[in-house]
Amino acid sequence: MVMNREVVGIDVGTTKTCTLVARPGSQGSLELLGCGVVPSDGLEKGTIVDLHRAAEAVRASIREAEKSAGLSISSAVVGVTGGNVMAISRQGSVELRGANRTVRPDDVATAVRRSTVGVVNGQQRILHVLPTSYALDGRWASYDPVGLRGEQLEVETQVVAGEVHSIQNLTAAVERAGVRVKELVLEPIASGLAVLTPSEKTDGVLVADIGGGTTNLAMFLGNRVTFVSVLPIGGNQFTNDIAMGFTMPHVTAERIKVTQGRAVAGSYQEMLEVPGIGGSAPRTVPHWELVRILRERVEEVLHLVGARLKQAGWIHLPASGVVFTGGAAKMPGFDQLAAQILDAPVRIGRPNGIYDVPDELRDPAFATCMGLLLWRDNHMNGTYLPHDQDNLLADVTQRVRSLLSGVLHGKN
Ligand SMILES: Nc1ncnc2c1ncn2[C@@H]1O[C@H](COP(=O)(O)OP(=O)(O)OP(=O)(O)O)[C@@H](O)[C@H]1O
Ligand SMILES: [Mg+2]
């Protein structure tokens, strides 16, 4: 069977590649039809470093999903991450000439487009432009300006761009399996769509998706995405620390981390059996040593997140605190330690919002891929991603229309 109204999300992660297929149900809800999850290959910290190997994993994941959904996949929404992704704050403006002139969607689109001028050079490509606030005649607010009267409209945006070559490699890895890349979505935005509640998105929350090679951040406020960032650190570093700390192979350290790792100590008497060095007999070490290693790394990740927020001008965490997701956030005690260190509300986000999802996929590691399926219905107010930069204006105008139906929200 060929694809008709089905939506497909492909998350090419550092550790696993996942393809999900869903079909819109009767009330606009999505039902999961099939999935294909395989170990990734050829990626480092979210970026493809070996196209052939990465493409093979993508192909295997797509074929598995096709088999389980019983259809042939022709196009997909694909997640993007990696250290090459950058977000820059910009402003654009437009003069509203004429008597009794009100702001129209195309004015907003023009101001947004102007904010992108000169942001990227030939080596980068714009992925999203996120309008964060507007000013009418110099008064800044996060409201929807359409329909209001004024003489000058200004908009502040976050322009999110990625390196052209990395994006081309990702696209090629998917296209080699005969699948067209319909849209590219920054991964933490997708994760947020899957794990956040409507009130978190409105009141303000930070999503931190800690995967194998990256920590992806997205701030949601006033039902908009107001900040994004990618840090090149993830669960693989936790594993490396254990391997170094206990002198053991990476695969053993990974097993110990996943089966016995904890971010907060249990009983001080607890002991842990670890393989001997160079074929010698197994040793026992206190469990708290494992906890100490993991705790240090969790603290470092949280510190880096805080520093990145501060750098972008966010001194305080938003009202709803932080929702952690991604595989590395599954470590028992992670939320407890993070809440203690951040002194803010913290929870672990599991993907939601799609029907017929087996329990194995209601897992923080699948937040991004589930969110890619939900992207279709969630062009967050004014967020857009131009595939063809020449069509920027038409694209923005279309997206900005969603502002008209959006709820108006107060100042940040
Ligand atoms: N129970 C667990 N405790 C601790 N870590 C875990 C647990 N389960 C999985 N992980 C870790 O989660 C990481 C993988 O998470 P995830 O699947 O979200 O990453 P990814 O999407 O492949 O990578 P990225 O998003 O960085 O490109 C691995 O480092 C893995 O060891
Ligand atoms: Mg991921």
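Residues numbered from 1 in each chain as written. Chains lettered and ligands numbered in written order. Predicted model: local features only at pLDDT ≥ 70, side-chain atom pairs only at ≥ 80, totals over all residues. Heavy atoms only, no water.

Enquirer: Summarise the overall build of the protein chain; cite the residues concerned and give the values.
Expert: A tally of regular secondary structure across the protein chain gives 11 helices and 19 strands. Here the protein chain has a C-alpha radius of gyration of 22 Å; the compact-globule value for 412 residues is 22 Å, and the two agree. Over its C-alpha atoms, taken along the principal directions, the protein chain stretches across nearly 85 × 50 × 45 Å. Across the 412 residues in the protein chain, those meeting the buried criterion constitute 55%. Long-range pairs, those at least 24 residues apart, make up 67% of the contacts in the protein chain between residues at least 6 apart in sequence. Working note: accessible area of the protein chain is about 17,500 Å², and carbon and sulfur atoms make up 49% of it. (Helix = DSSP H or I, 4+ residues; strand = E, 2+ residues; numbered from the N terminus. Rg over C-alpha atoms; globule rule 2.2 N^0.38 Å. Buried < 20%, exposed > 50% of the residue type's maximum accessible area, 1.4 Å probe, protein only. Contact = heavy atoms within 4.5 Å. Areas by Shrake-Rupley, 256 points an atom, 1.4 Å probe, with all protein chains shown as cover.)

Enquirer: Account for unusual backbone geometry, naming residues and giving values.
Expert: In this structure, Asn223 is a non-glycine residue whose phi angle is positive, near 60°. Within the secondary structure, Asn223 is located in the loop between strand E13 (215–221) and strand E14 (224–231). Classification of Asn223 as partly exposed rests on a relative accessible area of 24%.

Enquirer: With reference to specific residues and values, describe the environment of Gln336.
Expert: Topologically, Gln336 is positioned in helix H9 (residues 334–342). Sequence spacing of Gln336 and Thr368 is 32 residues, and the spatial spacing of their C-alpha atoms is 23 Å.

Enquirer: Lay out the pairing of strand E17 (residues 322–325) with the relevant residues and their values.
Expert: Going residue by residue along E17, you find Val322 and Phe324 tucked away on one face and Val323 and Thr325 tucked away on the opposite face as well. As defined by bridge partners, strand E12 (residues 205–210) adjoins E17 across four bridges and the pair is classed as parallel. When the sheet's bridge partners are listed, Leu206 is paired in E17 with Val322. By the bridge criterion, three bridges tie E17 to strand E18 (residues 346–348) in an arrangement that is parallel. (Pairing = 2+ DSSP bridges.)

Enquirer: Please give an account of the packing of aromatic side chains that cites residues and values.
Expert: Per the stated rule, a full pass over the model turns up one aromatic pair. Ring geometry for Phe324 versus Phe334: centroids 5.0 Å apart, planes at 75°, classification edge-to-face. With Phe324 in strand E17 and Phe334 in helix H9, this residue pair connects regions lying 10 residues apart in the sequence. Look at Phe334 and you get buried, because its relative accessible area is 1%. The ring of Phe366 has Lys16 sitting right over it, with the charged end atom 5.5 Å from the ring centre. (Phe/Tyr/Trp six-rings, centres within 6.5 Å; stacked < 30°, edge-to-face > 60°. Lys NZ or Arg CZ within 6 Å of the ring centre and 35° of its normal.)

Enquirer: Residue-level account of the site of ligand 1, with values.
Expert: Residues in contact with ligand 1 amount to 19 residues; listed here are only the nearest, Thr14, Thr15, Thr214, Glu254 and Lys257. One of the backbone N or O atoms of Gly213 is found 2.8 Å from an oxygen atom in ligand 1. Side-chain polar atom of Thr214 to an oxygen atom of ligand 1: 2.8 Å apart, as the coordinates give it. More than half of the atoms belonging to ligand 1 lie within 2 Å of the grid points that define the largest pocket. Sorting the residues of the shell around ligand 1 by element identifies helix H6 (235–245) and helix H7 (250–260) as the ones contributing at least two each. Counting residues per element, the shell around ligand 1 draws most heavily on H7, which supplies three residues. Looking at the shell around ligand 1 residue by residue, the class counts come to four nonpolar, 11 polar and four charged. (Near = heavy atom within 4 Å. Polar contact = N/O pair within 3.5 Å; in protein donor to acceptor, adjacent residues only side chain to side chain. 1 Å grid on protein atoms, 1.4 Å probe; cavity = no way out; pocket = protein on both sides within 12 Å on 5 of 7 lines; lining within 4 Å. Sits in = over half its atoms within 2 Å of the grid points. Nonpolar A, V, L, I, M, F, W, Y, C, P; charged D, E, K, R; others polar.)

Enquirer: Tell me about the environment of Arg63, and please be specific about residues and values.
Expert: Along the chain, Arg63 falls in helix H1 (residues 51–69). Considering only alpha carbons, one finds Arg63 and Asn223, 160 residues apart in sequence, at a separation of 36 Å.

Enquirer: I'd like a description of empty space enclosed by the protein, backed by residues and values.
Expert: By the definition in use, this model includes three cavities of 30 Å³ or more. In this structure, the largest cavity occupies an estimated 100 Å³ of space. Taken together, 13 residues line the largest cavity, and the ones lying closest to its centre are Gly46, Thr47, Thr81, Ser166 and Leu170. If you list the elements that add at least two residues to the lining of the largest cavity, you get strand E5 (47–48), strand E6 (75–80) and helix H3 (164–175). The greatest single-element share of the lining of the largest cavity, amounting to three residues, is contributed by H3. Classifying every residue of the lining of the largest cavity gives six nonpolar, six polar and one charged. (Points joined across faces, edges and corners; volume = space filled by probe spheres on them.)

Enquirer: I'd like a rundown of the nonpolar core, residues and numbers included.
Expert: Formed by 64 residues in total, the largest nonpolar core has its most connected members in Ile10 and Ile73. With 37 residues, the next largest nonpolar core counts Met219, Ile233, Phe238 and Val298 among its residues. (Core = buried A, V, L, I, M, F, W, Y, C linked by side-chain atoms within 4.5 Å.)

Enquirer: Residues and numbers for the state of the cysteines, please.
Expert: Summed over the entire model, instances satisfying the criterion amount to zero disulfides. In this structure Cys35 is a free cysteine whose sulfur lies 6.5 Å from that of Cys18, the closest cysteine sulfur available. Counting only cysteine sulfurs, Cys18 is the nearest neighbor of Cys369, a cysteine outside any disulfide, at a range of 3.5 Å. Since its relative accessible area comes to 0%, Cys369 is described here as buried. (Disulfide = S-S within 2.5 Å.)

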